[in-house]
Amino acid sequence: MTYHSGSRAVQDRVGVRDLADHVGQAIGQGIRPVAAAFLELQPMLVVGAADPVSGAVWASPLTGAPGFVRATGSHQISVAGGAGPCDPLAPALSTAGTPVGTIALDPRTRRRMRLNGRARPTPRGFAVEADQVFSNCPRYLQKRESYETVDRMPGAARSGRELSSEQREFIEAADTFFLATVHARGADVSHRGGNPGFVRVDSPGELRWRDYPGNSMFLTLGNLAVDPRTGLLFLGWESGAALQLTGTARTEFTEDGERTVRFTLTEVVETSAASPLRWSAPEYSPANP
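Presented here is an overview of the structure given in this document. Predicted model only: the values in this text are computed from it and were never measured.

Sheet topology note: the strand E15 (residues 229–235)/strand E16 (residues 242–253) ladder contains seven bridges and is antiparallel. Bridge pairing in E16 places Thr230 opposite Gly247. In textbook terms, the turn of a hairpin is the stretch between consecutive antiparallel strands, and for E15 and E16 this stretch comprises six residues, one of which, Gly240, has a positive phi near 85°. Where E16 and strand E17 (residues 259–271) come together, twelve bridges link them in antiparallel fashion. Across the sheet, residue Ala242 finds its bridge partner in E17, namely Thr271.

Printed below as a string of structure tokens:
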């Protein structure tokens, strides 16, 4: 794993460069058989990228019957379907060569897998040629025992420049969200989790959350150090609602080692019943502060 200057700067500031080098050895370009098998069991893939025209970064949930995401080679995945025409991520996924980040997260097993690369449209959806493939530990990942697929009709996407009171409540009740970031050579999607209330809404256009200790690679905070553009995705795990936010983020460091990420909103898109998946109630991670 070759880290860019942003990740190196954060690693050095926190004092974990050697640990990051060790952990980074697990990142490769190839999709191992166990990873391919994991992908084919998932009903959801979260994808993040920058709009090729506006530059805004978005994260979107893509869903389908297990097998809609599958490895079609040792360095490629194919996704059947894709973002709907009203999804703000649709232009990026229809443009060949767009850097994308993806994460497949399975609440049933508390496992997750990230694959970053470049997308190209296909007749059935899109494919991603992998640059980075790696799994993560289950820390801060809430367990959900099961899901069912229900017949839902997605509502019309509603956009705005500020969060409504209902959207603020939705965010502050969340135990998980997804975070898309970019850098000069690519994109990445990670997840953040905690007990409800771990994300705070300070105003209709500002959020913050504490950055909990993780794998020490600092891919996300490293990206923010060189490019503040950010996309957030909050899901209604039972309702299927999707709340997508785009804007910029910065990291604040304190002398005692705590880190807080502050996000400034540019645009929000809300879609009711965006996902047909209805998950069971969460069992919160024992690692949550």
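Moving on, there is more to tell.
Think of a pair of aromatic rings as described by two things: how far the centres are apart, and how the planes are tilted against each other in angle. What the rule picks out here adds up to six aromatic pairs. Seen from their ring centres, Phe177 and Trp209 are 4.9 Å apart, and the 70° between their planes marks the pair as edge-to-face. In this pair, Phe177 sits in strand E11 (residues 176–183) while Trp209 sits in strand E14 (residues 206–210), placing the two residues 32 residues apart along the sequence. According to the relative accessible area criterion, Phe177 is buried, its value standing at 0%. Residue Trp209 is classed as buried on the basis of its relative accessible area of 2%.

For the structure shown, the criterion picks out 16 salt bridges. Note that Asp12 and Arg17 form a salt bridge whose closest N and O atoms lie 2.8 Å from each other. With its nearest N and O atoms 3.5 Å apart, the salt bridge here joins Arg262 to Asp202. In this pair, Arg262 sits in strand E17 while Asp202 sits in strand E13 (residues 199–203), placing the two residues 60 residues apart along the sequence. When its relative accessible area of 34% is taken as the criterion, Asp202 is described as partly exposed.

Looking now at the nonpolar core. Nonpolar side chains in soluble globular proteins generally cluster together in the buried interior. By size, the foremost hydrophobic cluster in this structure holds 27 residues, and its most contacted members are Ile31, Val47, Ile77, Val79, Met113, Leu115 and Phe126. At the level of elements, helix H3 (33–40), strand E1 (44–50), strand E2 (57–63), strand E4 (76–80), helix H4 (90–93), strand E5 (98–106), strand E6 (111–122) and strand E7 (125–136) are the ones that each hand at least two residues to this core. Residue contacts for Phe126: discarding those within four places in its chain leaves Val47, Leu62, Ile77, Ser78, Val79, Gly81, Gly82, Leu93, Ala119, Arg120 and Pro121. Membership of the second largest hydrophobic core comes to 26 residues, among which are Tyr140, Leu179, Leu221 and Leu232.

Quick look at the packing of helix H1 (residues 5–14) against helix H2 (residues 17–24) now. When two helices pack together, their arrangement is given by the angle between the helix axes and by the axis-to-axis distance. The interhelical angle for the contact between H1 and H2, taken along N-to-C directions, is 130°, at an axis separation of 8 Å. In terms of orientation, H1 and H2 fall into the oblique class. For the pair H1 and H2, the contacting residues are Arg8, Gln11 and Asp12 in the first and Arg17, Ala20 and Asp21 in the second. Looking at the contact of H1 with H2 residue by residue, the class counts come to one nonpolar, one polar and four charged.

The subject of this paragraph is the environment of Glu267. Topologically, Glu267 is positioned in strand E17. Sequence separation of Glu267 and Thr246 is 21 residues, and the distance between their C-alpha atoms is 5.5 Å. Setting aside chain neighbours within four positions, we find Glu267 in contact with Trp58, Ser159, Gly160, Arg161, Gln244, Leu245 and Thr246.

What follows covers the sheet that holds E4. Strand order across the open sheet formed by seven strands is E2-E1-E5-E6-E7-E4-E3, with antiparallel pairing between neighbours. Among the strands making up the open sheet, the edge pair consists of E2 and strand E3 (69–73). Going from strand to strand, the sheet's axes swing by 35° on average, the running direction of each strand aside. In terms of strand pairing, E3 meets E4 through four bridges, oriented antiparallel. Following the sheet pairing, Ala71 is matched in E4 by Ile77. Strands in contact with H3 are E3, E4, E5 and E6; relative to E6, the strand with the most contacts, it is inclined by about 80°.

Among all positions in H1, only Gly6, Ser7, Arg8, Val10 and Gln11 are buried. Structurally, H1 contributes buried residues whose contacts are with H2, helix H6 (219–226) and E16. Within two residues after H1, Gly15 carries a phi angle of roughly 85°, on the positive side.

Calculation criteria
Residues numbered from 1 in each chain as written. Predicted model: local features only at pLDDT ≥ 70, side-chain atom pairs only at ≥ 80, totals over all residues. Heavy atoms only, no water. Pairing = 2+ DSSP bridges. Helix = DSSP H or I, 4+ residues; strand = E, 2+ residues; numbered from the N terminus. Phe/Tyr/Trp six-rings, centres within 6.5 Å; stacked < 30°, edge-to-face > 60°. Buried < 20%, exposed > 50% of the residue type's maximum accessible area, 1.4 Å probe, protein only. Salt bridge = Lys/Arg side-chain N within 4 Å of Asp/Glu carboxyl O. Core = buried A, V, L, I, M, F, W, Y, C linked by side-chain atoms within 4.5 Å. Contact = heavy atoms within 4.5 Å. Axes fitted to C-alpha atoms, helices over the stretch in contact; angles between N-to-C directions. Parallel < 35°, antiparallel > 145°, perpendicular 65-115°, else oblique. Nonpolar A, V, L, I, M, F, W, Y, C, P; charged D, E, K, R; others polar.

So, to be careful, I would describe these as geometric facts and stop short of saying anything about function.
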